[in-house]
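Below are the chains, spelled out letter by letter.
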Amino acid sequence: MNRKTFLKTTAATLLATSVEGLQAKGFAVATPPTAEGLQVRFLGTGAADWNGRDERGEHRRLSSILLDDKIFIDLTATNLEMIPTEAHPETIFYTHSHGDHYHPASALRAGVKRVYLSQTWYDIAKADFQRAATQAERPMPEIIPLYVGQKVYVGDVAITPLPASHATGYEFEQTLMYLVEKQGVRLIYATDTGGIPAVAARLAGIDAHDRSGKPITALIMEATMGIGHDDDFRSFTHTSVAGVERVVRVLEKTKRYAPAADQPVYLTHMARTLHGTQAELERDLPKPLRAARDGEVVIFKAK
């Protein structure tokens, strides 16, 4: 072994040892980056009205993503078949308690050990997971309450919960969207929500009235309503294609969105009854919007 290789190997060993030692003492330590950019795997891109393949031959699973093959955001039984066999995610973040995003039994089947969700329904989720764990005879995962604006590190990925504009059956539940940061990438994952609320924009650094922030570099946003469906009743708690287009236009105009060259804005949570086929979406969607496909893998990079 030459001197250069010896020094490189020794440094790596010391770093690994020091990180493990700090973690063993209870310190939260960001581990070294494992891949360039942020990988997002779309495990599902459909809204709640998807139930198998439709009369057009189209099929979207319920909305869920996997970050760097190690962190889920939302998960249901429809997504389990989409998890790569070599991936073993142990952490999940939930946006809210609706059944097309939240299914404790599926999280347990996937091997989840840490569950993050809004503190506004922590007790409900803890009881749900306890029942599911007992029925499945699986270990109870750790349930961790999140507070709006509280940044959490999972390895080299930082995730900040932001308030969404959406309602559930629990009157006081605060639904969430997430700001995901890694290696200069600043991604907002926004589903389910009617637009981007002012507080969320402020916390993410994209409030045009507050110049102390910095732009996002990537956006994945729900488009429950398709082209020509702006007046659908779901507009109070969801976003349309035109709504997403307007958000992007405003962020670009105010220099609050600075993506890498030719990087699309990805749409997810598309309603079966309010959207055309994937081919029609790819033909008709205005740039830079793009309809994500189940199983699609995107590497987001900083500008």
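Computed from a predicted structure; not experimentally measured.

> Any chance you could break down the packing of aromatic side chains for me, citing the residues and the numbers?
Per the counting criterion, the structure on display carries 8 aromatic pairs. Among the aromatic side chains, those forming a connected cluster through ring pairs are Tyr94, Tyr102, Trp121 and Phe129.

> Provide a residue-level description of the sheet that holds strand β1 (residues 38–44), including the pertinent values.
The strand order across the open sheet formed by 7 strands is β6-β5-β4-β3-β2-β1-β14, and the pairing between neighbours is mixed. The two strands at the open ends of the sheet, each matched to only one other strand, are β6 (142–146) and β14 (297–300). Going across the sheet, the axis of each strand differs from the next one's by a mean of 25°, ignoring polarity. Judged from the 4 bridges that link them, β1 and β14 form a sheet pairing that is antiparallel. Paired with leucine 38 across the strands is phenylalanine 300, a residue of β14. Its contacts with the sheet put helix α3 (residues 122–136) on β5 (114–118) and β6, and the angle it makes with β6 is roughly 165°.

> Kindly report on the pairing of β1, identifying the contributing residues and their values.
On any regular strand, side chains alternate: one points to one face of the sheet, the next to the other face. For β1, a buried count of 7 out of 7 residues is recorded, marking the element as mostly surrounded by other parts of the structure. Judged from the 4 bridges that link them, β1 and strand β2 (residues 64–67) form a sheet pairing that is antiparallel. Within β2, the residue paired with glycine 44 across the bridge is serine 64.

> Tell me about the pairing of strand β12 (residues 265–268), and please be specific about residues and values.
Neither face of β12 is exposed, since Val265 and Leu267 on one face and Tyr266 and Thr268 on the opposite face are all buried. Pairing geometry for β12 and strand β13 (residues 289–291), over 3 bridges, is parallel. Bridged to tyrosine 266 within β13 is arginine 290.

> Describe helix α5 (residues 241–253), and please don't skip the residues or the numbers.
Taking 1.5 Å of rise per residue, 13 residues should cover 18 Å, and α5 covers 18 Å from first to last C-alpha, within 8% of that figure. Listed as buried for α5 are Val241, Gly243, Val244, Val247, Val248 and Leu251. When α5 is viewed along its axis, its buried side chains cluster within an angular range of 165° and face the same direction. At its buried positions, α5 is contacted by β11 (218–222), β12 and β13. Just past α5, the residue lysine 255 takes up positive phi, approximately 60°.

Cut-offs and rules
Residues numbered from 1 in each chain as written. Predicted model: local features only at pLDDT ≥ 70, side-chain atom pairs only at ≥ 80, totals over all residues. Heavy atoms only, no water. Phe/Tyr/Trp six-rings, centres within 6.5 Å; stacked < 30°, edge-to-face > 60°. Pairing = 2+ DSSP bridges. Helix = DSSP H or I, 4+ residues; strand = E, 2+ residues; numbered from the N terminus. Axes fitted to C-alpha atoms, helices over the stretch in contact; angles between N-to-C directions. Contact = heavy atoms within 4.5 Å. Buried < 20%, exposed > 50% of the residue type's maximum accessible area, 1.4 Å probe, protein only. Expected span 1.5 Å × (residues − 1). Arc of directions from axis to C-beta.

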